[in-house]
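Spelled out, the chains give:
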Amino acid sequence: QRGFAVASVSYRFSQEAIFPAQTQDTKAAIRWLRAHAAEYGINPDRIGVSGDSAGGHLVAMLATSGGVKELEDAGADPATSRVQAVVDFYGPTQLERMNDGPGAMDHDSPDSPESQLIGGVLQQNPDLARRANPAGETNHPSAGRQQSHAGAPAWQRTSQAIQRATGHRLGRVP
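Scope of this entry: the structure provided in the associated data block. Values in this document were obtained by computation on a predicted structure and should not be read as measured data. (Residues numbered from 1 in each chain as written. Predicted model: local features only at pLDDT ≥ 70, side-chain atom pairs only at ≥ 80, totals over all residues. Heavy atoms only, no water.)

### Considering the packing of aromatic side chains
- Evaluation of the coordinates by the stated rule reveals 2 aromatic pairs.
- Here Y11 and F13 contribute two aromatic rings whose centre-to-centre distance is 5.3 Å and whose plane-to-plane angle is 85°, an arrangement assigned as edge-to-face.
- Summarising the aromatic geometry, the rings of W32 and Y40 are spaced 5.9 Å apart at their centres and angled 40° between planes, so their arrangement reads as tilted. (Phe/Tyr/Trp six-rings, centres within 6.5 Å; stacked < 30°, edge-to-face > 60°.)

Here is the structure:
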């Protein structure tokens with residue numbers, strides 16, 4: 001009655017499929033949980049998600065893409081993939097600015113996970129990069145969200161957290 005149910009979601013990595021496949025996979029998992037809620041004793045109106053790094057990016061996408069039909073599987077009801085709470089542990093929120101902070105990885109290279117995610121080099125495809133951002137132009141808040149950068153690599157703690165906070169103050173980030 002007062003407990004928690006935990007499910008782990010498998011999704012296609014950026015090396016396997018380009019965006020929005022990963023978001024569609026996580027939304028399909030939420031729809032499946034809702035459809036089987038009674039069977040597993042889950043309250044379908046109280047689904048929260050958490051993830052770190054790439055998983056943090058995906059749960060942030062779930063938080064901000066409720067009702068965005070372009071990010072749903074064809075014919076799926078967008079309302080059934082909405083989540084009510086999100087805990088994002090250092091998920092990237094602005095892919096095109098991943099290189100703004102210090103770090104050993106070149107996120108703008110053609111073989112970076114982020115470039116593979118959008119199917120092209122980040123800086124040469126800014127519209128695709130923005131579309132894959134939880135703070136993207138087509139996304140809007142639909143769930144309570146907590147973002148933590150504890151345990152994240154130093155470059156991500158500083159650059160992405162500052163960018164997100166600045167976006168909040170300017171009213172550009174949900």
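### Focus on the packing of helix α1 (residues 21–35) against helix α3 (residues 54–64)
- Look at α1 against α3: their axes get within 10 Å of each other, and the N-to-C directions meet at 65°. Classified by the angle their axes make, α1 and α3 are roughly perpendicular. Where α1 crosses over α3, the two elements pack in a sense that is right-handed. Between α1, through Q22, T23, T26, K27 and I30, and α3, the contact on the second element is made entirely by L58, M61 and L62. (Axes fitted to C-alpha atoms, helices over the stretch in contact; angles between N-to-C directions. Helix = DSSP H or I, 4+ residues; strand = E, 2+ residues; numbered from the N terminus. Parallel < 35°, antiparallel > 145°, perpendicular 65-115°, else oblique. Left-handed = near helix turned anticlockwise from the far one by under 90°. Contact = heavy atoms within 4.5 Å.)

### Digging into the side chain of R31
- Mapped onto the fold, R31 is located in helix α1.
- Judged by relative accessible area, which is 15%, R31 ranks as buried.
- With sequence-adjacent residues up to four places away left out, R31 is seen in contact with Q24, E72, D73, A76, D77, T80 and S81. (Buried < 20%, exposed > 50% of the residue type's maximum accessible area, 1.4 Å probe, protein only.)

### What to know about the pairing of strand β2 (residues 85–89)
- Side chains V86 and D88 project from β2 onto a buried face, and the interleaved A85, V87 and F89 project onto a face without burial.
- Here strand β1 (residues 48–52) runs beside β2; their pairing, made up of 5 bridges, is parallel. Bridging from a neighbouring strand, D52 pairs with F89 of β2. (Pairing = 2+ DSSP bridges.)

### Remarks on unusual backbone geometry
- The peptide bond linking F19 to P20 adopts the cis configuration, its omega dihedral lying at 15°.
- As for its position among the elements, P20 is in the segment before α1.
- Residue Y90 is not a glycine yet carries a positive backbone phi of 45°.
- In this fold, Y90 is placed in the loop between β2 and α4 (113–118).
- Given a relative accessible area of 16%, Y90 falls into the buried group.

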